[in-house]
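Here is what each chain is made of, one letter per residue.
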Amino acid sequence: MKLHEYQAKGVFADAGVPVPASRLASTVDEAVAAADEIGYPVAIKAQVQVGGRGKAGGIELVDDAEEAREAADAILGMDLKGLHVDRVLVEEAVDFVDELYVGVTMDRTEGEPVAMVSTRGGVDIEEVAAQDPEAIAREHVDPVFGMQPYEARKAVYGAGVDRAVARDVSSILGTLYDLWAARDATELEVNPLMVTGDDEVIAADAVMNIDGDALFRQPDLAEMEDEAAGDDLEAKANEYGFDYVRLEGNVGIIGNGAGLVMTTLDLVDHYGGAPANFLDIGGGAKAERVTNALDMVFSDENVEAVVFNIFGGITRGDEVATGINEALEGFDEIPKPVVVRLAGTNAAEGMEILNTDLVTVEATLEEAVQRAVAYAQDRAGATTGGSA
Amino acid sequence: MSILVDADSRVLVQGITGGEGTFHTRQMVEYGTNVVAGAVPGKGGQEVDGIPVYDTVGAAAREEDADTSVVFVPPAFAADALLEALDARLDLVVAITEGIPQQDMSRVYRKLRETDTTLIGPNCPGVITPGEAKLGILPGNIFSAGEVGLVSRSGTLTYQVVDNLTQRGIGQTTAVGIGGDPIIGTDFVGILERFEADTRTKAVVMCGEIGGEDEEEAARFISEYMDTPVAGFIAGRTAPPGKRMGHAGAIVSGGGAGTAQSKIDALNDAGVPVGDTPEEVVDHIEDVL
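Residues numbered from 1 in each chain as written. Chains lettered and ligands numbered in written order. Predicted model: local features only at pLDDT ≥ 70, side-chain atom pairs only at ≥ 80, totals over all residues.

Q: Could you give an account of the overall build of chain B, naming the residues involved and the relevant values?
A: A tally of regular secondary structure across chain B gives nine helices and 13 strands. The C-alpha radius of gyration of chain B comes to 18 Å, within 12% of the 19 Å expected for a compact globule of 289 residues. Here the C-alpha coordinates of chain B stretch approximately 55 × 40 × 30 Å along the principal axes. Residues counted as buried form 59% of the 289 residues belonging to chain B. In chain B, the share of contacts with a sequence separation of at least 24, taken over all contacts with a separation of at least 6, comes to 72%. (Helix = DSSP H or I, 4+ residues; strand = E, 2+ residues; numbered from the N terminus. Rg over C-alpha atoms; globule rule 2.2 N^0.38 Å. Buried ≥ 20, exposed ≤ 12 C-beta atoms within 10 Å, placed from the backbone. Contact = placed C-beta atoms within 7 Å.)

Below, the structure written as structure tokens:
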């Protein structure tokens, strides 16, 4: 789960990390009033969770109320890399002489957190990492001890941060690590961490991703989860408790287990189709989850055909078959053709239960995918006129 | 021969009195696994199908001479259960639990490094040596004893590939699901080196997926240290960057690291053929047997 910039900055500020003065605004008038209150110049920043907001026109620096109005009007309501902007952060513009990068993330190979510091802030750090890995100082942290002050200093001095601000930057890094640990973050990043002419250090941007598996013990962060920010279908999937990712194709995919669902997507592509989604109903799914999954995929208007692929371990074929029947018997006309393949636990029982008037049954994964791709292509051809 | 588990393994189940724990213990026993004890705090003195339950892992291991644990404890308490298993100095711990917070696993991993215990998982289907014993939730009936080792980050994809192998009359030595989380106890290399050392394993199937660099490391290991032929499969070719595809570990980073193509290229460079479909993987295995 990714926090918005304004949410992350709120968390930072509460922990004592200096951030610029700012106000959140959802209308042009609110934005102008906020800018007047903070004092010019201010930055007007789209609050959507995409990288490269600045380059895409989602951040404007303005010097007076008129410019603030123009910028807020342009940014509010804009479509930024597919996401609708409905809020902006109006923020004091910091007059900086230097831009640093600090971050904490999980090194999955080592199984422990790593802190990173660079004097090359303000640009895409992944590019810096690719072109000049030496420009980033890395310090692994023992998760049991937590970051020690010397480790923060080691990273900060090692990165070549100016001596005038090194102590403050070290202290901020220590605070950020503590936040990372206390709030179950998976990634925490300040880019840029700005240094002013008076040698003050201030977090001008804030990225904070929280471990979705730890939200049960971070109730205040769980409340920040912004379902409205994503796609409507993704919000619905959240409600149903599915792992769901929407894609752009027309073959809907439902399956159990991440690896097998990914494989089903890949096979749709391999056989010339285009996957519409990733939907993992999880292990041990009962009839109701199956019904919900079909409802999800049917409500994606891009979908022309559905492939339902279950390999039962803890999931039982008879439960799945019952769910498919129940879901489809509710329709006067099946909205989109459904191809089912059941294997594993109670697959034979499931096959017997399945109402083959309502679904097409295939014996293998490959056949099921090919059949669904063919259905989708037929229907897509029919709806686009197909009079050739 | 087999790796990790056989009919002689003495197995204890952590969380044996829970719904999943009881159900899968029954399945394991039915398959032939020698389940000697359960461990659940506060449930000491009870029995599950005649299997004695102890309050602590230490007591269960000591009294019943257990060397292996299978963990079905819910995510919020799982890290504690894993630390307890490590403290008891078992040989092998298999963590089935899905959804353990990353920072908890980071601490478990830190402790793991100080012990000689092998941890498989978490968020994995378990380990099976067909015809001998299984640890976890794998459906025993699709496996058959034979000469091919299998290692995978995914549960149901493992079943798919095993089913394809078995249908074509190709049996397995041992199949290991290493788990779909970012931090897991044993990576591909940890399993590949055991298959390489196992005299009965004549070929290995390795099923990877997007995210992380484990497959790339495995490719380096295969090219330097393995004589046993390996065939691969990589799931997630069509996954968009920045989206978590079900498994917490299955994510292509915004910067493009962890893509399926990078893994396929690394494996191909190591001389490992990668199938476009699960059936193609089985074709590659047929070719080398």
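Q: Tell me what's going on with the overall build of chain A, and back it up with residues and numbers.
A: Helix and strand content of chain A: 13 helices and 18 strands. Summarising its shape, the C-alpha atoms of chain A cover approximately 75 × 50 × 40 Å along the three principal directions. Relative to all contacts within chain A whose residues are 6 or more apart in sequence, the contacts with residues 24 or more apart total 68%.

Q: Which residues make up the sheet that holds strand S7 (residues 118–120) of chain B, and what values do they have?
A: Residues and elements named next belong to chain B. Taken in spatial order, the seven strands of this open sheet run S3-S4-S2-S1-S5-S6-S7, and their pairing is mixed. Since the sheet does not close on itself, it has two edges, and those belong to strand S3 (47–48) and S7, each with one partner. Here strand S5 (residues 68–71) runs beside strand S6 (residues 92–95); their pairing, made up of four bridges, is parallel. Within S6, the position partnered with threonine 68 by the bridge is leucine 92. Helix H1 (residues 19–31) rests against strand S1 (11–14), strand S2 (35–39), S3 and strand S4 (51–54) of the sheet, and its axis sits at about 170° to S2. (Pairing = 2+ DSSP bridges. Axes fitted to C-alpha atoms, helices over the stretch in contact; angles between N-to-C directions.)

Q: An account of the environment of lysine 263 of chain B is requested, with residue identities and associated values reported.
A: Residues and elements named next belong to chain B. Checked against the element boundaries, lysine 263 lands in helix H8 (residues 260–269). Residues lysine 263 and threonine 173, 90 residues apart in the sequence, show an inter-C-alpha distance of 25 Å. Beyond its immediate stretch of four places on either side in the chain, lysine 263 contacts Gly208, Glu215, Glu216 and Ile234.

Q: Account for the interface of chain B and chain A, with residues named and values stated.
A: Counting from both sides, the interface comprises 51 residues of chain B and, opposite them, 46 residues of chain A. Looking at the side of chain B that touches chain A, the elements that each hand over two or more residues are helix H3 (75–87), helix H4 (102–112), helix H5 (155–167), strand S12 (203–209) and helix H9 (278–288) of chain B. Of the residues in the side of chain B that touches chain A, the class split is 22 nonpolar, 19 polar and 10 charged. (Nonpolar A, V, L, I, M, F, W, Y, C, P; charged D, E, K, R; others polar.)

Q: Tell me about the pairing of strand S8 (residues 112–118) of chain A, residues and numbers included.
A: All names here are of chain A. Most of S8 sits out of view: five of its seven residues are buried. Where strand S7 (residues 96–107) meets S8, seven bridges bridge the pair, whose relative direction is antiparallel. Residue aspartate 107 lies in a different strand from S8, and its bridge partner there is glutamate 112. The hairpin formed by S7 and S8 contains four residues between the paired strands, and glycine 111 there has a positive phi angle of roughly 70°. Sheet topology places S8 next to strand S9 (residues 136–140); five bridges connect them, and they run antiparallel. Within S9, the position partnered with valine 117 by the bridge is alanine 137.

Q: Before we move on, can you summarise the domain arrangement of chain B with the specific residues and values?
A: All names here are of chain B. If you check the domain split of chain B, you get domain 1 (11–120) and domain 2 (139–288). Here the C-alpha centroids of domain 1 and domain 2 sit 26 Å apart. Contacts between the two partners involve nine residues from domain 1 and, on the opposite side, eight residues from domain 2. Of the residues forming the side of domain 1 that touches domain 2, the biggest block, five residues, is contributed by H4. (Domains from an automatic or database assignment.)

Q: Now, about the nonpolar core: what can you tell me, with residues and values included?
A: Within the largest apolar cluster, 149 residues are counted, with the highest numbers of intra-cluster contacts made by Leu279 and Ala372 of chain A together with Val71 of chain B. Residues Val11, Leu100, Ala185 and Leu188 of chain A belong to the second largest nonpolar core, which totals 42 residues. (Core = buried A, V, L, I, M, F, W, Y, C linked by C-beta atoms within 7 Å.)

Q: Can you lay out the packing of helix H5 (residues 149–158) of chain A against helix H6 (residues 163–182) of chain A for me, pointing to particular residues and giving the numbers?
A: The packing of two helices is summarised by the inter-axis angle and the distance between the axes. Residue and element names in this part refer to chain A. In contact at an axis separation of 9 Å, H5 and H6 are set at 125° when each is read in the N-to-C sense. By the angle class used here, H5 and H6 are oblique. Crossing hand, H5 versus H6: right-handed. Contact residues: H5 offers Pro149, Ala152, Arg153, Ala155, Val156 and Tyr157, while H6 offers Ala166, Val169, Ser170, Leu173 and Gly174. (Parallel < 35°, antiparallel > 145°, perpendicular 65-115°, else oblique. Left-handed = near helix turned anticlockwise from the far one by under 90°.)

Q: Tell me about the sheet that holds strand S3 (residues 59–62) of chain A, and please be specific about residues and values.
A: All names here are of chain A. Ordered in space as S1-S6-S2-S3, the four strands form an open sheet in which the pairing is antiparallel. Every interior strand has two partners, whereas the edge strands, strand S1 (22–25) and S3, have only one. Within this sheet the neighbouring strands show an average axis-to-axis angle of 20°, counted without direction. Of the strand pairs in this sheet, strand S2 (residues 42–46) and strand S6 (residues 88–92) are connected by five bridges, and their pairing is antiparallel.

Q: Explain the environment of glycine 38 of chain B to me, using residue names and the numbers behind them.
A: All names here are of chain B. With respect to the helices and strands, the residue glycine 38 is situated in strand S2. Classification of glycine 38 by C-beta neighbours within 10 Å gives buried; the count is 30. Measuring from C-alpha to C-alpha, the distance between glycine 38 and valine 11 comes to 8.6 Å, with 27 residues separating the pair along the chain. Those residues within four positions of glycine 38 in sequence are excluded, and the remaining contacts are Leu12, Val13, Ile16, Thr17, Val48, Ile51, Val53 and Ala60.

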